[in-house]
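Here are the chains, one letter per residue:
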There are 2 protein chains.
Amino acid sequence: MSIVYIIPLFGLLALLFTAVQSAWVSRQDAGNEKMTEIAKHIAEGAMAFLKAEYKILTYFVIIAALLLGYMGYSHHNSDWTIALAFIIGAIFSATAGFIGMKIATKANVRTAQAARTSLARALKVSFTGGSVMGMGVAGLAVLGLGGLFIALKAYFGAEAGTAEMIKTIEVLTGFSLGAESIALFARVGGGIYTKAADVGADLVGKVEAGIPEDDPRNPATIADNVGDNVGDVAGMGADLFGSYVATVLATMVLGVETTSLDNFGGLAPVILPMFIAGIGIVLSIIGTFFVRIGENAGLSTGAVQRALNMGNWGSIVLTAIVCYFAVNWILPETMTLRSHEFTRTGVYGAILVGLVVGTLMSIITEYYTAMGKRPVNSIIRQSSTGHATNIIGGLAVGMESTFLPILVLAGGIYGSFALAGLYGVAIAAAGMMATTAMQLAIDAFGPIADNAGGIAEMSELPKEVREKTDILDAVGNTTAATGKGFAIASAALTALALFAAYVGVVEANGYKLYNAINIYKADVLAGLFVGAMIPFIFSSLAIRAVGEAAMSMVEEVRRQFRTIPGIMEGTGKPEYDKCVAISTEASIKKMLLPGAITILSPILIGFIFGPEVLGGFLAGATVSGVLMGMFQNNAGGAWDNAKKSFEKGVEINGEIYYKKSEPHKASVTGDTVGDPFKDTSGPSMNILIKLMSIVSLVIAPTLAEIHGKYQTTTAKVEQEAKKPVAIEKTTAMLPK
Amino acid sequence: MSIVYIIPLFGLLALLFTAVQSAWVSRQDAGNEKMTEIAKHIAEGAMAFLKAEYKILTYFVIIAALLLGYMGYSHHNSDWTIALAFIIGAIFSATAGFIGMKIATKANVRTAQAARTSLARALKVSFTGGSVMGMGVAGLAVLGLGGLFIALKAYFGAEAGTAEMIKTIEVLTGFSLGAESIALFARVGGGIYTKAADVGADLVGKVEAGIPEDDPRNPATIADNVGDNVGDVAGMGADLFGSYVATVLATMVLGVETTSLDNFGGLAPVILPMFIAGIGIVLSIIGTFFVRIGENAGLSTGAVQRALNMGNWGSIVLTAIVCYFAVNWILPETMTLRSHEFTRTGVYGAILVGLVVGTLMSIITEYYTAMGKRPVNSIIRQSSTGHATNIIGGLAVGMESTFLPILVLAGGIYGSFALAGLYGVAIAAAGMMATTAMQLAIDAFGPIADNAGGIAEMSELPKEVREKTDILDAVGNTTAATGKGFAIASAALTALALFAAYVGVVEANGYKLYNAINIYKADVLAGLFVGAMIPFIFSSLAIRAVGEAAMSMVEEVRRQFRTIPGIMEGTGKPEYDKCVAISTEASIKKMLLPGAITILSPILIGFIFGPEVLGGFLAGATVSGVLMGMFQNNAGGAWDNAKKSFEKGVEINGEIYYKKSEPHKASVTGDTVGDPFKDTSGPSMNILIKLMSIVSLVIAPTLAEIHGKYQTTTAKVEQEAKKPVAIEKTTAMLPK
């Protein structure tokens, strides 16, 4: 039983690693005065964003916590502790974003300075920055989940198979709800912010005022650079924190339902996912040591990509090996979940399925978004006939790119279920997410290098510096795309596990589902339709918000140019923080409606139409969300790299085209359309589908109680007649 | 019982009306020599397309008929007659397209000539052309369904509640399969053709050769004008023929399963949908007399739109009234379907629900695509900042436009089911489609007027002529958009009815579904994912095909310019038919893969994974297909009208912009992107979802037999344990 107490220690280990690495980054040379001045503006801007964002989110957290506490209090099966767990989840998620932003705004300028020495040093600084964030997120998640589990177990006096254990996990779901809500706000808000600032800065600065890109006189330039940190670092950090917690939690919920005769008081299936997460931290730390290149490495992306791959594959292979022993040590030979028996060998097989699905997903995503491959080349060719054909080409690539990933995902669901039932589906996702720390390190180093490039440019450092950061940035673009493929696949599996958990909780709380979410029933099918529509309206609001927020930014910059004396001469200091605040407020305001739709729609559907219709709704939202996520992420990534291909020159029908050619202009249009796709609405899809499932899981007991009562009174008879549409009776008259 | 014999008479009445009206159109003045010359080229081109298309489709029909016949022969429950029914369905569908094309290529030039006199006459000629097509389609459908039903009933000696009656309906499903397969090929092929010709003609003619649009020296110009007839007339005719048949058939399949003590040998629920379709023809004929404007009507769209609305609403209101008496006359007071009892009042209510859903769908679609409304205005505003923001705006509008229609649709499903169970869902669709003849007349008059405008331009008729045809064309654009909204809604309801019918047939043939398509099961959920992906890959292939077919066209035109002497001086005659054939072959070749995916994927999924997974697959494809259809149709329509708005000038931030301004150029990009959306992939979605359901319904008996055997042997025990995931057993340990 004492194994439970080891888990938070993994989390503490990660945070210790974070602290050590963070101190190392801080000790690095931050360069000359101009560099530190610019870096300071970016850091201040990032902090201004955090301030504004957290202020608004505090209101949300307080209101939601009160509602949750009331629901917990009035509902016999829970109590006010769920509100506390929710608040802790929100704070942890916010902290994860904070850590990421802090280190990223330190590492950017130091990476620029390191790039004056060598590519190897620049990689070391930027990747260390990324790994601080990765370990911070993973450490907080494991510490939070493990620590809360111990505390709640003690508080409720819970043992396996008791009502108290159910309560423990129910309250833990509140933690995940807190984490995932903040993740949604951070991801969408950050996504709107970064693209609005990007477009806004370009429109006023380059077009209207005629000053170059990244010019410090433009108050929106800093916002633009802040945007990278806000969207790609903090947004992604909160996102992955939420995902990680949700995945582990989903497995725990199903684990509690699993009958297991083991050496851990029957809790082995609950402990396993947390333990794997903990072990994953250690393996990720080991993996980080693989990520290095020689001082004499040539100036090409090859070596850097190989180093990152070494770290990534290294930790994945290690996970596959270590999980074998962990599973055999912790789990008993057989377990039973909802009368389906499965073995620990099956569970290990499911973990391998998860790792394979994740790997294939990354490979396929890379194929669809990488330079030099058929999809991106087709967009390049279609750029030669204008803007419209470029757009058609990108949309076609995005839609096509759903084909293989969906087959892989469906195979993964089918395979992991066949190996270990519903628990298998959940643990496959947990296995996939085990190396989150490493994944995030690889993802976060990209925007750090990107920012370093910007700082190098603004500080007029020698050209070679920019060349080195550009190499890192290019590799970062690829890892960002594959990271998104990975995220959507794990989200799909997690959502399914949460869906299964939801069904269990509904049944357990007195609402009969007759073992099915039956889409053959008209009301459930109607729910499926409405659920599938949500990702469309969400995406619509998100991409439109980018356009409108950009306009707000434009107006603020115009105002500053008009009213601050000496701003164009460099004697008046632009009010960067005001610009940042305007953009922040606009983006947060614009993300309230999509956020509200995500959180409120399952509540409305559930309370009005009951648990089974909500089941249909969730299935629809999950399927459609996964497809829209893949479509938008990959279309955006492909457009981006089609545009980038013109920098080196591309051949279309025997002619070579470069930047500023007509086909290049068409490719810029595609890239701009792709920006909100791949950085705002697309990556929000995975949070959307998980958050809806978690909300449903949290309200499930109350929902089941209310509708269960209804079911047992007058409606019962009618319900019985309607529910299992009794085809048998008719078949008598049909031929056999 | 003799009421059955009345039904084909309605069909004959429609065909008689078709013949009379067609003769009237032929008698109209076809204008001067130049006009008839151009019209001849278009007619010849259209015929060349038909020849090429039908040649290729003949192979498909023969192979599919042989396979169907073999399946029917080897399967005890059916026989070779299904192959015959399939062939008849295919021939009828092809004939519907043929009739439409014939009359449209006659009415176009006569409309142009009539427009020399007055708007009222031009409307009369073009609308009469449209109604010939509408009545032709409806007449063939009612004649085919009614006649085949009578013939098969006699052939099998079928009575209500017997195996022979099941067989009758099963074979009739073959008729629908034939119709819907041709519909898919006609719609996608036509859609690719028209947009490829459009883009191809512009690229070589206007850009390369520098000759004006619609210049008869350009060999692709005729193909462009043929395209309007191929895509918007023949494609739509086959589409609506297939939809109409599928909708009536779906209700009949459920009607056969319904226990009904009535005066029609227990067949009242089977007869009702056919009878409503027949009555709808009469009411549509009456409705056509409302469509007229005064000789002195002003030159504005208002009067024309009002006249069409009169005809449309008139026949819908008449349907609502007449159905009340028809339902009360034909149906008994109560009936039972799958142990769910419902009343005839409920059935009438469901019909009203269908009419309301259809009406709301049209209104919402119009809102999202009409000039002067918020959505189109938002795209116009976003055109002021360039191509990219125009695209983002259109995509956002398209995605947003799924919101209300899905709520209406879900409400319609919920409401019609509550009123009369599954039969209610089916009859709601049938009610909605009752006035198909009228709908189609209104839809088809648009492209006729469009062609008339082209002929007027090419023949250098006075400007007032073009003004009048433009007014008709503008109204036609609106009716085309609303027609698509209507089509997708009725397709959704029809697919659901077919889905329900599929479940019944599977159960009846020895495969136990335990009364559910349970998406809580991993394999069914995997099927849901794969099904939902199909509309994405289909759309990807369709929109890419437009781009690639356009390139083939470009090459052929270049060849003719090079090799035909005197072509540019007007002395050498361009080979219009070669150009048409090239484009035809390219478009038909390109549509083979999407067609194959649509037809083969349910077969593969069904035979490999069994009937329940196929159920999940169908639900996924239906939901995703409806959403993708709405998204693409409405985005395309909105982009189109945003561009058209510039013709009269639009105000953006206080400035007025016209054609050739920068914002207008951006709007042209959106329009071009929207073309394949709204005319190729978007309108294919409704056929795709119905065709997949019909294919599944046709293979259901064989499928159930094969997997039923598997189910009863070794797998049975396991299946039993797995299927109804026995949550009850676990709930014992969970708190109440």
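These lines cover the structure that appears in this document, whether it is placed above or below.

How each quantity is defined
Residues numbered from 1 in each chain as written. Chains lettered and ligands numbered in written order. Predicted model: local features only at pLDDT ≥ 70, side-chain atom pairs only at ≥ 80, totals over all residues. Heavy atoms only, no water. Helix = DSSP H or I, 4+ residues; strand = E, 2+ residues; numbered from the N terminus. Buried < 20%, exposed > 50% of the residue type's maximum accessible area, 1.4 Å probe, protein only. Contact = heavy atoms within 4.5 Å. Areas by Shrake-Rupley, 256 points an atom, 1.4 Å probe, with all protein chains shown as cover. Lys, Arg positive; Asp, Glu negative; His and termini not counted. Charge placed at Lys NZ, Arg CZ, Asp CG, Glu CD. Buried area = accessible area lost by both parts, 1.4 Å probe. Salt bridge = Lys/Arg side-chain N within 4 Å of Asp/Glu carboxyl O. Polar contact = N/O pair within 3.5 Å; in protein donor to acceptor, adjacent residues only side chain to side chain. Nonpolar A, V, L, I, M, F, W, Y, C, P; charged D, E, K, R; others polar. Pairing = 2+ DSSP bridges. Least-squares fit on C-alpha atoms with pLDDT ≥ 70 in both.

## As for the overall build of chain A
Then, number 1: The helix and strand tally for chain A stands at 20 helices and five strands.
Then, number 2: In terms of overall dimensions, chain A has C-alpha extents of about 80 × 55 × 50 Å along its principal axes.
Then, number 3: Expressed as a percentage of its 736 residues, the buried residues of chain A come to 69%.
Then, number 4: Contacts in chain A between residues at least 24 apart in sequence constitute 84% of all its contacts with a sequence separation of at least 6.
Then, number 5: Total accessible area on chain A stands at roughly 22,900 Å², and carbon and sulfur atoms take up 62% of it.
Then, number 6: With 52 positive and 57 negative side-chain charges, chain A shows a separation of 0 Å between the mean positions of the two kinds.

## So, the interface of chain B and chain A
Size of an interface, as often reported, equals the accessible area lost when the parts are brought together.
Then, number 1: Counting residues at the interface gives 90 residues for chain B, matched by 91 residues for chain A.
Then, number 2: Each partner contributes to the roughly 8,800 Å² buried at the junction of chain B and chain A, and carbon and sulfur atoms together form 77% of this total.
Then, number 3: Joining chain B to chain A, the criterion identifies two salt bridges.
Then, number 4: When the shortest N-O distance is used, the salt bridge between B:Arg544 and A:Glu400 registers 2.7 Å.
Then, number 5: The interface formed by chain B and chain A holds six residue pairs in polar contact (both at pLDDT 80 or more) in total.
Then, number 6: If you tally residues by element for the side of chain B that touches chain A, the top one is helix α15 (residues 522-563) of chain B, at 15 residues.
Then, number 7: Among the residues making up the side of chain B that touches chain A, the classes are represented as 58 nonpolar, 20 polar and 12 charged.

## A few points about the pattern of salt bridges
All names here are of chain B.
Then, number 1: Under the definition given, this model contains 44 salt bridges over all chains.
Then, number 2: Notably, a salt bridge pairs Arg466 with Asp470, separated by 3.1 Å at the nearest N-O pair. Placement of the pair is Arg466 and Asp470 together in helix α14 (residues 463-508), with a separation of four residues, close to one helical turn.
Then, number 3: Arg559 is the salt-bridge partner of Glu556, the closest N and O atoms lying 3.0 Å from each other. Residue Glu556 and its partner Arg559 are both found in helix α15; the two are separated by three residues, about one turn of the helix.
Then, number 4: Classification of Arg559 as partly exposed rests on a relative accessible area of 27%.

## Remarks on the sheet that holds strand β2 (residues 334-337) of chain A
Then, number 1: As summarised here, the arrangement of the three strands in space is β1-β2-β3 (chain A), forming an open sheet in which the pairing is antiparallel. Across the chains shown, the open sheet's two edge strands, defined by having one partner strand only, are β1 (259-260) and β3 (340-343) of chain A.

## With respect to the pairing of β3(A)
Residues and elements named next belong to chain A.
Then, number 1: Residues His340 and Phe342 line the buried face of β3, whereas the alternating positions Glu341 and Thr343 sit on a face that is not buried.
Then, number 2: Taken together, the four bridges between β2 and β3 define a ladder with antiparallel strand orientation. Bridging from a neighbouring strand, Met335 pairs with Phe342 of β3.
Then, number 3: Turn length for the β2-β3 hairpin, with the two strands adjacent in sequence and antiparallel, is two residues, and the turn residue Arg338 shows positive phi of about 50°.

## Remarks on the side chain of B:Ser401
Then, number 1: Position of B:Ser401 relative to the elements: it lies in the loop between α11 (387-400) and α12 (403-433).
Then, number 2: Setting aside its immediate chain neighbours within four residues, B:Ser401 contacts B:Tyr368, B:Met630 and B:Asn634.

## Remarks on unusual backbone geometry
All names here are of chain A.
Then, number 1: With a phi angle near 55°, Glu460 is a residue other than glycine that sits in the positive phi range.
Then, number 2: With respect to the helices and strands, Glu460 occurs in the loop between α13 (436-458) and α14 (463-508).
Then, number 3: A positive phi angle is found at Lys660, which is not glycine, with a value near 75°.
Then, number 4: If you trace the backbone, Lys660 turns up in the loop between β5 (655-657) and α18 (662-712).
Then, number 5: The exposed category is assigned to Lys660, whose relative accessible area is 72%.

## Regarding the relation of the copies chain B and chain A
One copy of the chain maps onto the other through a rotation about an axis plus a displacement along that axis.
Then, number 1: By a simple turn and slide, chain B fits onto chain A: the slide is 0.0 Å along the axis, the RMSD is 0.1 Å, and the turn is 180°. Both chain copies can therefore be described as sitting about a two-fold axis. For chain B, the residue whose C-alpha comes nearest the rotation axis is B:Asn518, separated from it by 2.3 Å.
Then, number 2: Both copies share a contact surface, since 100% of the interface residues of chain B are interface residues in chain A too.

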